[in-house]
Amino acid sequence: MTSLSLIKAIICDMDGVILRDHHLLPGAKEFIENLLKGPIPFVFLTNYPSQTPSEQKHRLGISGVHVPEEHFYTSAMATAAFLENQTGRTAYVIGESGLTHELYKIGFTLTDVEPDFVIVGETRAYNWDMIYKASKLINQGSRFIATNPDVVGPDGSPSCGSLCAPIERITKKAPFYIGKPNPWMMRAALKKLQAHSEDTVIIGDNMSTDIVAGIQAGMQTILVLTGVTKEEDLIQYPFRPHHIFPCVGDIDLF
């Protein structure tokens, strides 16, 4: 197991590690300040696709921490990176600006007329018409893509996996999920950092997404206990994180 002192790149989750709602978690401010001062490249990696990096920057900013937007990478960005190498440039999208912005950047046209893809992210405007239209298009041959498999958001709200569930039940077709724990998301983050997995650590609060993604990618993994997974939950998993800390402020990487 690589010593944390030898780590050359950092991938860090946001919700449950740095923020809860719009409030910084214990030690997060000092941790981020050390990241900004230090020599180690880093990226905040989030499964939630609804906000752009600029909006993520603003979200941290109102909490009193200012991080340049190039340090944020979302499942919407990873979805666009995946689709850029696929055939087809039309999509019916269930999602918000964070997702549609990334699709426009790679030349997609958003349409409900014979689209190549049905792409599901997250939106509070989800309704019966969207379920019906998405299901009909998928049954007619559109490819089913989703930004992330999370069923519940950090605030208990329905997440992408919940929005996909009725469409999957109707069509009997599962979406291809891009976000963590899909290795595609991890490779995209490593590419952004120009880093190698064996020299990189992922910090997360969720054994089912962050930690398993890091283990499958060959990274060091750090579980913090300020989010989804609690120490008593570890018995449910056949794998373990390499390191466990009460909060991100207790991690010494510098």
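Look above for the structure.
All figures in this text were calculated on a predicted structure; none of them were measured in a lab.

Parameters at a glance
Within any chain, residue numbers begin from 1 and follow the written order of that chain's sequence. Only residues with pLDDT of at least 70 get local features here, since the model is predicted, and only at 80 or more are side-chain atom pairs given and counted; chain-wide, interface and lining totals rely on the full set of residues. Side-chain calculation: all heavy atoms of the structure are included, whereas hydrogens and water are not. Residue burial is assigned from relative accessible area. The probe radius is 1.4 Å, only protein chains are included, and a residue is buried under 20% of its type maximum, exposed over 50%, and partly exposed in between. In this description a helix means any DSSP run of H or I spanning at least four residues, a strand means any run of E spanning at least two, and both kinds are numbered starting from the N terminus. DSSP calls a pair of strands paired once it identifies at least 2 bridges connecting them. When the strands point away from the viewer, a crossover counts as right-handed if the route from the first strand across the helix to the second turns clockwise. Contacts between residues were defined by any pair of non-hydrogen atoms, one from each residue, lying within 4.5 Å. An axis is simply a line fitted to the C-alpha atoms; with a helix, the fit covers only the stretch in contact. Between two such axes, the angle follows the N-to-C directions and lies from 0 to 180 degrees. Working definition: rings of Phe, Tyr and Trp (its six-membered ring) pair if their centres are within 6.5 Å, and the pair is stacked with planes under 30 degrees apart, edge-to-face with planes over 60 apart, and tilted otherwise. What sets the label is the angle itself: under 35 degrees gives roughly parallel, over 145 gives roughly antiparallel, 65 to 115 gives roughly perpendicular, and the rest give oblique. Should the near helix be turned anticlockwise from the far one by less than a right angle, the crossing is left-handed, and should it be turned clockwise, the crossing is right-handed. Throughout, the ten residues Ala, Val, Leu, Ile, Met, Phe, Trp, Tyr, Cys and Pro are labelled nonpolar, Asp, Glu, Lys and Arg are labelled charged, and all others, Gly among them, are labelled polar. What makes a nonpolar core is a set of buried Ala, Val, Leu, Ile, Met, Phe, Trp, Tyr and Cys residues whose side-chain atoms join them at distances within 4.5 Å.

Draft legend 1. Layout of the pairing of strand β4 (residues 42-46). Most of β4 is tucked away: 5 of the 5 residues are buried. As paired strands, strand β1 (residues 9-12) and β4 are joined by 3 bridges and run parallel to one another. Within β4, the residue paired with Cys12 across the bridge is Phe44. In terms of strand pairing, β4 meets strand β5 (residues 72-74) through 3 bridges, oriented parallel. Directly across from Phe44, in β5, lies its bridge partner Phe72. In the classification by handedness, the crossover that spans β4, the intervening helix α2 (residues 53-61) and the parallel β5 is right-handed.

Draft legend 2. Expanded view of the sheet that holds strand β9 (residues 143-146). An order of β7-β6-β8-β9-β10 is seen for the 5 strands of this open sheet, with the pairing classed as parallel. Each edge of the open sheet carries a strand with a single partner, namely β7 (109-110) and β10 (176-177). Pairing analysis gives 2 bridges linking β9 to β10, with the strands arranged parallel. For Ile145, the partnering residue across the bridge sits in β10 and is Phe176. Across the sheet, helix α4 (residues 97-105) touches β6 (90-94), β7 and β8 (117-120), and the angle it forms with β6 is around 170°. The sheet strands contacting helix α5 (residues 128-139) are β6, β8 and β9, and the helix crosses β6 at an angle near 150°.

Draft legend 3. Just the packing of aromatic side chains, in detail. Overall, the coordinates contain 7 aromatic pairs when judged by the stated rule. Pairing Phe42 with Phe44 gives two aromatic rings, centres 5.6 Å apart and planes at 75°, and the pair type is edge-to-face. Taken together, a centroid distance of 6.0 Å and an interplanar angle of 45° make the contact between Phe108 and Phe117 tilted. Each member of the pair Phe108 and Phe117 is classed as buried.

Draft legend 4. Inspection of the packing of helix α3 (residues 75-83) against α4 at higher detail. Taken N-terminus to C-terminus, the directions of α3 and α4 make an angle of 30°; their axes are 9 Å apart at the nearest point. One element, α3, and the other, α4, form an angle in the roughly parallel class. Considering the relative orientation of α3 and α4, their crossing is right-handed. Here Ala76, Met77, Ala80 and Leu83 of α3 lie close against α4, whose contacting residues are Gly98, Leu99, Glu102 and Leu103. Tallied by class, residues from the contact of α3 with α4 come to 6 nonpolar, 1 polar and 1 charged.

Draft legend 5. Just the nonpolar core, in detail. Among the nonpolar cores identified, the biggest contains 31 residues, and Ile11, Leu83, Phe108 and Ile119 are the most heavily contacted of them. Secondary structure elements with two or more residues in this core: β1, β4, α3, β6, α4, β8 and α7 (183-193). In this structure, Phe108 is in contact with Leu83, Gly88, Arg89, Thr90, Ala91, Leu103, Phe117 and Ile119, ignoring residues within four places of it in sequence. One finds Leu4, Cys12, Phe31 and Phe42 within the second-largest nonpolar core, a separate group that totals 27 residues.

Draft legend 6. Seen up close, unusual backbone geometry. Here the bond from Lys180 into Pro181 is cis, since omega is 15°, no more than 30 degrees from zero. You will see that Glu114, though not glycine, has its phi angle at about 45°, which is positive. Here Glu114 shows up in the loop between β7 and β8. The class for Glu114 is exposed, based on a relative accessible area of 71%. In this structure, Gln194 takes a positive phi of about 55° despite not being glycine.

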